[in-house]
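Here are the chains, one letter per residue:
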Amino acid sequence: MQLPYFYQNLLSINNKSIVLNEESSKHCVQVLRMKVDEKLQLTDGFGKLITAKIIEPNKKKCVVELIESVTFESNKRKISIAISLIKNSNRFEWFLEKATEIGVAEIIPIVCKRTEKQHFRFDRMNGILVAAMLQSRQTFLPVLSQPILFKDILNLKKYTTKLIAHCEVGQEKKSIHTVNLTDEIQILIGPEGDFTVDEIEMALQNNYQPVMLGYTRLRTETAGVVAATLLANN
């Protein structure tokens, strides 16, 4: 049986004991009713996996004792999804959850010409990433950015493969399967009305390659998940 799994930000292993944050403490002691000497696992979202046992079951400051600590290497391929905010927050949250389960490294919400909604609750959205990481029992948490303007995403230089998925008719697009992918990839996913012609042209001028995700028109959040899946498994 798998041990209960928790997120502990900024894990410091300077001694043999760790004080869990209040949320994890409450879940351990009040919800799961865990007792002294029961075991659990912790991750910091940066690759560290700790096995520990409870020594002080306090519902606000539960203290655990370190048993074992392992640090995993991240996936060699780093996938960044830069995706437009969408009007329906529930659908955007669904995308965040699924992208985390797939194992993307970075999610950047972008504001495009046709983006209908610009309000973004960072703490709530990051909490969804944490929950999805724990549910899929991963040790790496995707980096979530605050929303940025479309033109500003084009100035980021750290990606060796840059892609844009759009639905504009009459422009040549490659299948992702035919693109020579490197280990650092960013793909741009547009809003519900797609990127404008000007935005597509700006991206092409900044060395983004136009790609297609299939032969049907996808919702923004579906396109994000399809792109993540194709890039992770290509």
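One can find the structure itself at the top, above this paragraph.
Cut-off values and rules
Residues numbered from 1 in each chain as written. Predicted model: local features only at pLDDT ≥ 70, side-chain atom pairs only at ≥ 80, totals over all residues. Heavy atoms only, no water. Helix = DSSP H or I, 4+ residues; strand = E, 2+ residues; numbered from the N terminus. Axes fitted to C-alpha atoms, helices over the stretch in contact; angles between N-to-C directions. Parallel < 35°, antiparallel > 145°, perpendicular 65-115°, else oblique. Contact = heavy atoms within 4.5 Å. Nonpolar A, V, L, I, M, F, W, Y, C, P; charged D, E, K, R; others polar. Buried < 20%, exposed > 50% of the residue type's maximum accessible area, 1.4 Å probe, protein only. Salt bridge = Lys/Arg side-chain N within 4 Å of Asp/Glu carboxyl O. Pairing = 2+ DSSP bridges. Phe/Tyr/Trp six-rings, centres within 6.5 Å; stacked < 30°, edge-to-face > 60°. Core = buried A, V, L, I, M, F, W, Y, C linked by side-chain atoms within 4.5 Å.

Digging into unusual backbone geometry
Next up, step 1: The phi dihedral of Asp37 falls on the positive side, at around 80 degrees, and the residue is not glycine.
Next up, step 2: Within the element layout of this structure, Asp37 appears in the loop between α1 (22-31) and β3 (39-43).

What about the packing of helix α2 (residues 89-102) against helix α6 (residues 220-233)?
Next up, step 1: As a packed pair, α2 and α6 sit with axes 9 Å apart at the nearest point and diverge in direction by 5 degrees. The pairing of α2 with α6 is recorded here as roughly parallel in orientation. Counting all contacts with α2, which are made through Arg91, Trp94, Phe95, Lys98 and Ile102, the residues of α6 involved are Glu221, Thr222, Gly224, Val225, Ala228, Thr229 and Ala232.
Next up, step 2: Across the contact of α2 with α6, the residue classes break down as 6 nonpolar, 3 polar and 3 charged.

Some details on the side chain of Thr161
Next up, step 1: In this structure, Thr161 sits in strand β10 (residues 161-165).
Next up, step 2: Look at Thr161 and you get buried, because its relative accessible area is 2%.
Next up, step 3: Beyond its immediate stretch of four places on either side in the chain, Thr161 contacts Val179, Asn180, Leu181, Thr182, Glu184, Ile185, Gln186 and Gln209.

Here we look at the pattern of salt bridges
Next up, step 1: Under the defined criterion, the tally for this structure stands at 10 salt bridges.
Next up, step 2: Across the pair Lys53 and Glu65 runs a salt bridge whose closest N-O atoms are separated by 3.7 Å. In this pair, Lys53 is assigned in strand β4 (residues 48-56) and Glu65 in strand β5 (residues 63-71), connecting sequence segments 12 residues apart.
Next up, step 3: Classification of Lys53 as partly exposed rests on a relative accessible area of 25%.

Some details on the pairing of β3
Next up, step 1: The element β3 is largely enclosed, with a buried count of 4 among its 5 residues.
Next up, step 2: Relative to β3, strand β1 (residues 5-7) runs parallel, the two being bridged by 3 bridges. Paired with Tyr7 across the two strands is Thr43, which belongs to β3.
Next up, step 3: Here β3 pairs with β4 via 5 bridges, running antiparallel. Within β4, the residue paired with Thr43 across the bridge is Leu49.
Next up, step 4: In sequence, β3 turns back onto β4 through a hairpin of 4 residues, with Gly45 there showing a positive phi of about 80 degrees.

Quick notes on the packing of aromatic side chains
Next up, step 1: Inspection of the entire model under this criterion finds 4 aromatic pairs.
Next up, step 2: Judged by centre distance (6.0 Å) and plane angle (55 degrees), the rings of Phe92 and Phe95 are tilted. Taken as a pair, Phe92 and Phe95 lie in helix α2 at a separation of 3 residues, close to a single helical turn. Of the two residues, Phe92 and Phe95, both sit in the buried class.
Next up, step 3: Connected via pairs of aromatic rings, a cluster forms that spans Phe92, Phe95, Phe120 and Phe122.

Quick notes on the sheet that holds β4
Next up, step 1: Reading across the sheet, the 5 strands line up as β1-β3-β4-β5-β2 and stay open at both edges, with mixed pairing between neighbours. Edge positions in the open sheet fall to β1 and β2 (17-19), since each of these has one partner strand only. Shown here is a sheet whose adjacent strand axes are inclined to one another by a mean of 40 degrees, direction ignored.
Next up, step 2: By the bridge criterion, 3 bridges tie β2 to β5 in an arrangement that is antiparallel. The residue of β5 that forms the bridge with Ile18 is Val64.
Next up, step 3: Each of β1 and β3 touches helix α3 (residues 122-135); the most contacted strand, β1, lies at about 150 degrees to it.

Let's talk about the nonpolar core
Next up, step 1: If you look at the biggest cluster of nonpolar residues, it comprises 39 residues, and the most contacted ones within it are Ile81, Leu96, Ile107, Ile187 and Ile189.
Next up, step 2: Of all the elements in the fold, those that place two or more residues in this core are β1, β6 (78-84), α2, β7 (106-111), α3, β10, β12 (184-189) and α6.
Next up, step 3: No other element matches the 6 residues that α3 contributes to this core.
Next up, step 4: In this view, Ile189 contacts Ile81, Ala82, Ile83, Ser84, Ile110, Ala165, Phe195, Leu213, Thr220, Ala223, Gly224 and Ala227; residues no more than four positions away in its chain are not counted.

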